[in-house]
Amino acid sequence: MGFKDSRRQRKEMTICGGLLLAVLLIVLCFLVFKLVPWHILSIILCVIAALIVVFVLIGAFLPFNIDKIISDNIGRALDPFDRRLLDISLRDSIDQDELDSFLDEWDIEKAPIKSVMLVSYLMKTHPEVTFPQAIIPRLNGVLSFCRFQNLKREAHLCRIGKLLASEDIPFVVLKGGAMKVYRPDFPRWMNDIDIIVPSDRYERTLEIAVSNGYSKAMLTDHSVDLSLPGSEEGLLDIHHHLELMTGKDEAFNEGLFSRAKQTTVFSVQGFLPCPEDMVFIALVNLFKNLVKRQAPESCLTTFYDLKFLVDSKKDFDWDLISENARLTDSEFQVYYSTLFISQVLPDLMPGSFKSMEGIRREKLVRQATDYLFHRDILASARDEVMDTGVGKSLKKDWNVFIFMWVAFVDVVKWMSGMQWIKRMLLKYKSAFKKG
């Protein structure tokens, strides 16, 4: 079965799940009306309606200062310890005493992998300073592990790339994979290698991958992860557009392909985005990771990538990034990511990127509300569900009960799609935290 058929089947199963959910709801309502006396039911409905009215009225008076919320979120998004480590490692030169002081406070046994990676980068990029002999083997081990994992994924990209070339399907390498082409000697932590193909060749690309032994991973609207049968390890993530969450995601494709340079990508011919497009991709991908509270290693690596890309081109065209943001309606994403990056690299991005003067106030409020809602409510709920049996089944099993759950989630998303509902929920969440 091709990927197009799989997507259609998933849609049909979701509709069936929704219909079954509706039938169960109708049956439940029928039983309630049949078994509960009308006068008692009227009292219950009145109490529920009154609670909703009270909820809305109280929420209307709760404060919602979007500028303060954005500022507070950015301040909390970067761990102070990581900020200090980034500040040290991104300098042109490092003071040995400052490094020693930092390492005296750092426990490699308790540190998360993202912090271990940063210290590994520090050791790799600053040979002028020395590290304690006790941690060098561990740091080298992390670098060796990354190299081994990356070589494995690069081999799969070469295989897919040759298959695509046989049918004249071009691909552009994205994100960490592209940076590995730009900086082959710089160690990276990559969960997979991302590529993008023309939208009209996307289905055929996925059919080629599946017919050559890759698993039918669950599809998203923008991409599909490829892995080997029986394995959940991500190898390649094939896109037909970036995930920008704006509804105008594909508007970036034409410019991306037209400006990309044909080059050797891990021993196969592919295309590499220009530095400006790479910066745009890095900024919007950083925003997505911050929204979904995922890929902390990638978030931190973005500081290194942006500094390298901006410094790599003397006549760097910032207007091109602004145009990409305008075309894709992602100005807020670029703005937010710029403020995040400026905590450590205050002079890297132009001043215009740190201002919302070019964006209408209502657009700022709408996009900021969407961001906070995705991050603080949807992402939190997703993490809690994924820890349950249903959530684990979503990763690999598709049956009628799972599709009923998916249909329920779609209904909840639709109901929460209105801005006033999002703001109301955010107000209560903020008030609850303060309390």
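Parameters at a glance
- What you see as residue numbers is a count from 1 along each chain, following the sequence as written.
- For a predicted model such as this one, the threshold for reporting local features is a pLDDT of at least 70, and the threshold for listing and counting side-chain atom pairs is 80 or more; totals across whole chains, interfaces and linings nevertheless cover every residue.
- Excluding hydrogens and water, the side-chain values take into account all heavy atoms of the structure.
- The helix count covers DSSP runs of H or I at least four residues long, the strand count covers runs of E at least two residues long, and both are numbered beginning at the N terminus.
- One fewer than the residue count of a helix, multiplied by 1.5 Å, yields its expected span.
- In this analysis the local bend is the angle between axes fitted, respectively, to the seven residues ending at and the seven residues starting at the residue.
- Accessibility here uses a 1.4 Å probe with only protein chains present; expressed as a share of the type maximum, an area under 20% marks a residue as buried, one over 50% as exposed, and anything in between as partly exposed.
- As a per-residue measure, pLDDT reflects the predictor's confidence and takes values from 0 up to 100.
- Should any heavy atoms of two residues lie within 4.5 Å, those residues are considered in contact.
- Geometry of aromatic contacts follows a simple scheme: Phe, Tyr and Trp rings, the Trp one being its six-membered ring, pair when their centres are within 6.5 Å, and the pair is stacked under 30 degrees between planes, edge-to-face over 60, tilted otherwise.
- Definition used: whenever NZ (Lys) or CZ (Arg) falls within 6 Å of the ring centre and also within 35 degrees of the ring normal, the charge is taken to sit over that ring.
- Salt bridges are counted wherever a side-chain nitrogen of Lys or Arg sits within 4 Å of a carboxyl oxygen of Asp or Glu.

**Student:** So, helix 12 (residues 296-311): which residues are in play, and what are the values?
**Tutor:** An ideal rise of 1.5 Å per residue puts 22 Å on 16 residues; helix 12 measures up with 24 Å between its terminal C-alpha atoms. Thr302 marks where helix 12 bends most, by close to 30°. Glu297, Cys299, Leu300, Thr301, Thr302, Phe303, Tyr304, Asp305, Leu306, Leu309 and Val310 are the residues of helix 12 that are buried.

**Student:** Can you lay out the confidence of the model for the chain for me, pointing to particular residues and giving the numbers?
**Tutor:** Confidence in the prediction for the chain averages 83 pLDDT; 84% of positions are at 70 or higher. The secondary-structure element of the chain with the lowest mean pLDDT is helix 16 (residues 389-394), recorded at 56, while strand 1 (residues 172-174) shows the highest, at 97.

**Student:** Give a detailed account of the side chain of Asp329, specifying residues and quantitative values.
**Tutor:** With respect to the helices and strands, Asp329 occurs in the loop between helix 13 (318-328) and helix 14 (331-342). Assessed through its relative accessible area of 11%, Asp329 is described here as buried. Those residues in contact with Asp329 that sit more than four places away from it in its chain are Thr246, Lys248, Lys363, Arg366 and Gln367.

**Student:** So what about unusual backbone geometry? Which residues, and what values?
**Tutor:** Glycine aside, residues mostly have negative phi, and peptide bonds are mostly found in the trans state. Even without being a glycine, Asp168 presents a positive backbone phi close to 55°. Structurally, the position occupied by Asp168 is in the loop between helix 7 (136-165) and strand 1. Of the residues examined, Asp168 reaches a relative accessible area of 63% and is grouped as exposed. Not every positive phi belongs to a glycine, and Ser267 is a case in point at roughly 75°. Positionally, Ser267 belongs in the loop between strand 5 (261-265) and strand 6 (268-272).

**Student:** I'd like a rundown of the packing of aromatic side chains, residues and numbers included.
**Tutor:** One pass over the structure, following the stated rule, counts 14 aromatic pairs. Measuring from ring centre to ring centre gives 5.2 Å for Tyr121 and Tyr304, while their planes differ by 70°; the resulting arrangement is edge-to-face. Of the two residues, Tyr121 sits in helix 6 (residues 113-125) while Tyr304 sits in helix 12, which places them 183 residues apart along the sequence. A single burial state applies to Tyr121 and to Tyr304, both of which are buried. Ring centres 5.6 Å apart and planes at 45° place the aromatic pair Phe186 and Tyr304 in the tilted group. Residue Phe186 is located in the loop between helix 8 (175-182) and strand 2 (193-196), and its partner Tyr304 is located in helix 12; the two are separated by 118 residues in the primary sequence. In this pair, the class of Phe186 matches that of Tyr304, namely buried. Taken together, Phe287, Phe332, Tyr335 and Tyr336 form an aromatic cluster joined through their ring pairs. Taking NZ or CZ as reference, Arg183 lies 4.2 Å from the ring centre of Phe186, over its face.

**Student:** So what's going on with the pattern of salt bridges? Which residues, and what values?
**Tutor:** Evaluated as defined, the whole model comprises 14 salt bridges. Ionic pairing is found between Glu105 and Arg84, a salt bridge with its closest N-O pair at 3.0 Å. With Glu105 in helix 5 (residues 96-105) and Arg84 in helix 4 (residues 80-89), this residue pair connects regions lying 21 residues apart in the sequence. Judged by its relative accessible area of 31%, Arg84 falls in the partly exposed class. What emerges from the salt-bridge pattern is a single network uniting Asp87, Arg91 and Glu98.

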